[in-house]
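Below, each chain spelled out in residue letters.
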Amino acid sequence: MKKTYSIFGAGASGLYTAWRLLYHEIENKEGAAKQLKAGDVLELYDWGDYNFTEIHDPLKRPAGARVCTWHYQNDHNNSYLELGGMRYSAWNGLPAPTNQGHRLVTTVIKKLDLDQYSVPFNVSDNTLFYLRTKNMYLNDITSTNPAPYNVDHYGASDSPDTGFATIESLAVDPNAKPKTRRDWCEFYQNGAINVELPDSSVYQKGDLLKNIGYWNLMFDQLGSEGFAYTADGNGYTSNVINWNAAVAIQANDEFTPGSQYKTLTTGYSSMFNALFQAIVELAEEKGIILEYHPNTRLHSILQIDGTIHYSIANRDHPNKIAASKTTEAAWMAMPPYALDLVAQATRYQDHRGLDVLNHPQVQNYLSSAIQQPSYKVGMFFKSPWWLNAPYPAPIIGYEVTDAVLTQLTAEGFPQAYIDAIQNNPDQDTSNPIINNPFSSSGDLMTAVQTCIGVRLTLKEESQLLTASTRNSIGPSITDTPIRQVVYFGNNALQQDPENPIYGILASYDDEQFTSFWEELEYGNETTEKIPFSENLQPLIGPRKATDVMIKMLRQQLAALHFGPQSDYEDVPVPIECKYMDWSLPPFNAGYHAYAAHYDVCDVQNMVRKPSQMIKDADADIFIVGEAFSNDQAWVEGAYCTAESVLNDFFGIKPLIDPTPYPFICPCGIKPQP
């Protein structure tokens, strides 16, 4: 009998699910019976219509849902910017639980043969700030030159990230800090304030962090000015909202200076192009019928008499049923806002069958994900003017990659030195050279010369510095509505020395700042033409910025790089400027966070198959995506939730060993020896 599996959503979790249904090993006989075979149907629906090829299609936006790579003039050979998700934390491939990194994303990139395009996403360790009209660099903030905040205990004399460390110290012993994903999952459940606090504090020793709002805790402990300095200076308003304090403590560890990330020179969207092409090829190879339905959304879903019934709607009339079908299993690879639209379709009507999404406990757990709107505006210029301004972006750094070593080999750099760097005994410990950003040429030279045991000649020094110099990414941080500026520079695959193009994310902001830019989307003489619920700009793709938006951006960029008394004309007119408003449907958020007063470990386990929360119910309806993952706001979270569903409910052998790296929180379950 022909079997049909249906996936709703062609973003990260949907594509990953489709790929793993076709590319896998089976764990047991029970799992074998659940697999698709020749003649079976794999349906992939999406409200959008993504360009899954390398050939530009002006009617389709780049692949990736909340990932969106935008190239200058939409030419894949030109410089590009990321107007959505843009990076991942690379894993070194070693199994130790303490090894950090996004293991599934790293593995997928390798299996799709994209690791040849993987390069460091450099983060400056001397951030440029513009806070309360003061321009300053992180390394210049001292007791004699504090940030313009009246923080208790001279807190403005240190980095704004000190506020995060202060909060963490309330519950985390620096000598016994959680080091693995399992450790942190245990912390989410049982982490508590473990120091004595004065009676004046709202919170006391023993209070569980999962039941505390992070904003509440920060304000209580840091005071108004301390909170403001941390909130303004970290760049992400989403990091300091009133989310689950236990999760927030771990998450904010990732955003401290010196964190190392990678991206793809072909753009982050290219990972999803490669996934889609792999799905097409595997389906054809296995004789499985792949049906891709763009411009189609899931309208409603019920289980009636043990069979999953669903209705779909088309993009032209997204609220009206266009067709109804059945399936053996359904994956809702969609964010909470879109899930609620599906639930609304059956919430207010009498019907037969099991309405999984509208069960009270399921609704309660779906409410655990806070929607965090975000906004990105990209600009392309003919010159990197931000490097020559009075307050230049401190983004010049040095990084030795495999590509750098290949270039050095071609230039006659001593092979013995290259071998020594590649075999550096510290590479996988505390002092790596490869893929480790150095903020100064002196630091790089010291590391290399210590490794090879001799001093480089002047020619060799020049070769090494020239090949390893980087002039991106940043960011610079402000308390103005642009919030963060990220410098992608001239990253074109095909360099044109006669006409280089340089790109920046001129604004990377979230939460309340998104509404600042929304009012500039229409210019000064245009009124709203469509309701908010029908403004599907994120599905259409990057939209051209209005003149008033560009002028507002230039004002704030000028203040950041030229000082508070500067003129907007100090910043040149961009040759192209577009935006993505992730606060709009159907995502209504760039990313998500867990609310306080939830056991996030139980949420992760139960939401993925919500019928688990309903007595005597069992429906193969699944929810996957970053919103209810252990890696919210990352592609890794989308992959991990999808992988866990396939492992636990379909008998598919894990892509990598989950023992040292559980894909979702195990809720106290100890790994088997």
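Residues numbered from 1 in each chain as written. Predicted model: local features only at pLDDT ≥ 70, side-chain atom pairs only at ≥ 80, totals over all residues. Heavy atoms only, no water.

## Comments concerning the overall build of the protein
Counting its secondary structure elements, the protein contains 19 helices and 26 strands. By the compact-globule yardstick of 26 Å for 673 residues, the protein fits well, its C-alpha radius of gyration being 25 Å. Referenced to the eigenvectors of the C-alpha coordinate spread, the extents of the protein come out at roughly 75 × 65 × 65 Å. The burial tally for the protein puts 59% of its 673 residues in the buried class. Residue pairs at least 24 apart in sequence account for 72% of intrachain contacts in the protein once pairs closer than 6 positions are excluded. Accessible surface, the protein: about 27,800 Å² in total, of which carbon and sulfur atoms supply 50%. In the protein, the 46 positive side-chain charges and the 78 negative ones have mean positions that sit 5 Å from each other. (Helix = DSSP H or I, 4+ residues; strand = E, 2+ residues; numbered from the N terminus. Rg over C-alpha atoms; globule rule 2.2 N^0.38 Å. Buried < 20%, exposed > 50% of the residue type's maximum accessible area, 1.4 Å probe, protein only. Contact = heavy atoms within 4.5 Å. Areas by Shrake-Rupley, 256 points an atom, 1.4 Å probe, with all protein chains shown as cover. Lys, Arg positive; Asp, Glu negative; His and termini not counted. Charge placed at Lys NZ, Arg CZ, Asp CG, Glu CD.)

## Remarks on the nonpolar core
In this structure, Trp19, Met271, Phe272, Trp331, Tyr639 and Phe650 are the most contacted members of the largest nonpolar core, which totals 84 residues. Setting aside residues no more than four positions away along its own chain, Trp19 makes contact with Val108, Lys111, Leu112, Leu275, Ala278, Ile279, Leu282 and Leu655. Counting residues in each nonpolar core, the second largest holds 67 residues, with Cys185, Ile249, Met332 and Val342 among its members. (Core = buried A, V, L, I, M, F, W, Y, C linked by side-chain atoms within 4.5 Å.)

## What about the side chain of Gln537?
As for its position among the elements, Gln537 is in helix 16 (residues 537–540). At a separation of 2.9 Å, a polar atom in the side chain of Gln537 contacts the main-chain carbonyl oxygen of Gly541. (Polar contact = N/O pair within 3.5 Å; in protein donor to acceptor, adjacent residues only side chain to side chain.)

## Examining the environment of Gly11
Looking at where Gly11 falls in the secondary structure, it is placed in the loop between strand 1 (4–8) and helix 1 (12–22). Residue class for Gly11 comes out buried when judged on its relative accessible area of 7%. Put simply, Gly11 and Val67 are 56 residues apart on the chain and 8.3 Å apart in space, counted from C-alpha to C-alpha. In this structure, Gly11 is in contact with Asp46 and Ala65, ignoring residues within four places of it in sequence.

## Points about the pattern of salt bridges
Applying the stated criterion across every chain yields a total of 16 salt bridges. Asp648 is the partner of Arg608 in a salt bridge, and the nearest nitrogen-oxygen pair spans 2.8 Å. In this pair, Arg608 is assigned in the loop between helix 18 (600–607) and strand 26 (621–623) and Asp648 in helix 19 (residues 635–650), connecting sequence segments 40 residues apart. What makes Arg608 buried here is its relative accessible area of 7%. The partner of Asp620 in a salt bridge is Lys609, and the shortest N-O contact between them spans 3.4 Å. With Asp620 in the loop between helix 18 and strand 26 and Lys609 in the loop between helix 18 and strand 26, this pair connects stretches of sequence that are eleven residues apart. You can call Asp620 partly exposed: its relative accessible area is 28%. (Salt bridge = Lys/Arg side-chain N within 4 Å of Asp/Glu carboxyl O.)

## Comments concerning the state of the cysteines
Joining two cysteines, a disulfide is a covalent bond between their sulfur atoms. Counted by the stated rule, this structure contains one disulfide. Counting only cysteine sulfurs, Cys665 is the nearest neighbor of Cys601, a cysteine outside any disulfide, at a range of 3.8 Å. Looking at Cys601, the relative accessible area reads 0%, which means it is buried. (Disulfide = S-S within 2.5 Å.)

## What to know about the packing of aromatic side chains
What the rule picks out here adds up to 39 aromatic pairs. Their ring planes at 20° and their centres at 6.2 Å tell us that Trp385 and Phe562 sit as a pair that is stacked. Placement of Trp385 in the loop between strand 17 (374–381) and strand 18 (396–398) and of Phe562 in helix 17 (residues 547–562) is noted, with a sequence separation of 177 residues between them. A relative accessible area of 23% means that Phe562 is categorised as partly exposed. Members of the aromatic cluster, each reached through a chain of ring pairs, are Tyr5, Trp331, Phe622, Phe649 and Phe650. Taking NZ or CZ as reference, Arg87 lies 4.0 Å from the ring centre of Tyr261, over its face. (Phe/Tyr/Trp six-rings, centres within 6.5 Å; stacked < 30°, edge-to-face > 60°. Lys NZ or Arg CZ within 6 Å of the ring centre and 35° of its normal.)

## Side note on the sheet that holds strand 1
Within a beta sheet, neighbouring strands are joined by backbone hydrogen bonds and run either parallel or antiparallel to one another. A sheet is described by the order of its strands in space; here five strands give the open sequence 11-2-1-15-26, paired in parallel fashion. Because the sheet does not close on itself, it has two edges, and the strands there are strand 11 (289–293) and strand 26. Taking each pair of neighbouring strands and ignoring which way they run, the sheet shows an average axis angle of 15°. Along the sheet, helix 19 contacts strand 1, strand 15 (329–332) and strand 26; its crossing angle with strand 15, the most-contacted strand, is approximately 160°. (Pairing = 2+ DSSP bridges. Axes fitted to C-alpha atoms, helices over the stretch in contact; angles between N-to-C directions.)

## A look at the pairing of strand 9 (residues 134–137)
Side chains on a regular strand alternate between the two faces of the sheet. As paired strands, strand 8 (residues 128–131) and strand 9 are joined by four bridges and run antiparallel to one another. If you follow Leu131 over to strand 9, its bridge partner there is Lys134. In this antiparallel pair of consecutive strands, strand 8 and strand 9, the connection spans two residues, and Arg132 shows a positive phi of 50°.

## Concerning the pairing of strand 25 (residues 591–594)
Here strand 25 shows no split at all, with Tyr591 and Ala593 on one side and His592 and Tyr594 on the other all buried. By the bridge criterion, four bridges tie strand 16 (residues 369–372) to strand 25 in an arrangement that is antiparallel. Following the sheet pairing, Ala369 is matched in strand 25 by Tyr594.

## A closer look at unusual backbone geometry
Here the residue pair Gly474 and Pro475 is connected by a cis peptide bond, since its omega of -5° sits within 30 degrees of zero. Within the secondary structure, Pro475 sits in the loop between strand 19 (469–471) and strand 20 (476–478). Even without being glycine, Asn74 reaches a positive phi, approximately 55°. By the secondary structure assignment, Asn74 is in the loop between strand 5 (69–71) and strand 6 (80–82). Phi is positive for Ala633, close to 80°, though the residue is something other than glycine. With respect to the element layout, Ala633 can be found in the loop between strand 26 and helix 19.

## Looking at the sheet that holds strand 14 (residues 323–327)
Read from one edge of the open sheet, three strands run 12-13-14, paired in antiparallel fashion. Each having just a single partner strand, strand 12 (296–304) and strand 14 make up the two edges of the open sheet. Put simply, the sheet's adjacent strands are angled 25° from each other on average, direction ignored. Inspection of the sheet shows strand 13 (residues 307–314) paired to strand 14 by five bridges, in the antiparallel sense. In the sheet register, Ile308 faces strand 14, and the bridge partner there is Thr327.

## A few points about the packing of helix 12 (residues 415–422) against helix 13 (residues 441–452)
Closest axis-to-axis distance for the helix 12/helix 13 pair is 9 Å, and the angle between their directions is 100°. For the element pair helix 12 / helix 13, the angle class is roughly perpendicular. Facing Tyr417, Ala420 and Ile421 of helix 12, the residues of helix 13 in contact are Val448, Cys451 and Ile452. Each residue belonging to the contact of helix 12 with helix 13 can be placed in one class, and the counts come to six nonpolar, no polar and no charged. (Parallel < 35°, antiparallel > 145°, perpendicular 65-115°, else oblique. Nonpolar A, V, L, I, M, F, W, Y, C, P; charged D, E, K, R; others polar.)

## Things to note about empty space enclosed by the protein
Using the criterion set out here, one finds two cavities of 30 Å³ or more in the structure. Residue lining of the second largest cavity: Gln604, Val607, Arg608, Ile623, Val624, Gly625, Phe628, Thr641 and Ile664, and that is the complete set. Its residues placed into classes, the lining of the second largest cavity shows five nonpolar, three polar and one charged. (1 Å grid on protein atoms, 1.4 Å probe; cavity = no way out; pocket = protein on both sides within 12 Å on 5 of 7 lines; lining within 4 Å. Points joined across faces, edges and corners; volume = space filled by probe spheres on them.)

## Some words on the environment of Tyr292
Checked against the element boundaries, Tyr292 lands in strand 11. Along the primary structure Tyr292 and Met552 are separated by 260 residues, whereas in three dimensions their C-alpha atoms are 41 Å apart. The residues contacting Tyr292, other than those within four sequence positions of it, are Ala10, Leu44, Gly48, Asp49, Tyr50, Phe52 and Phe276.

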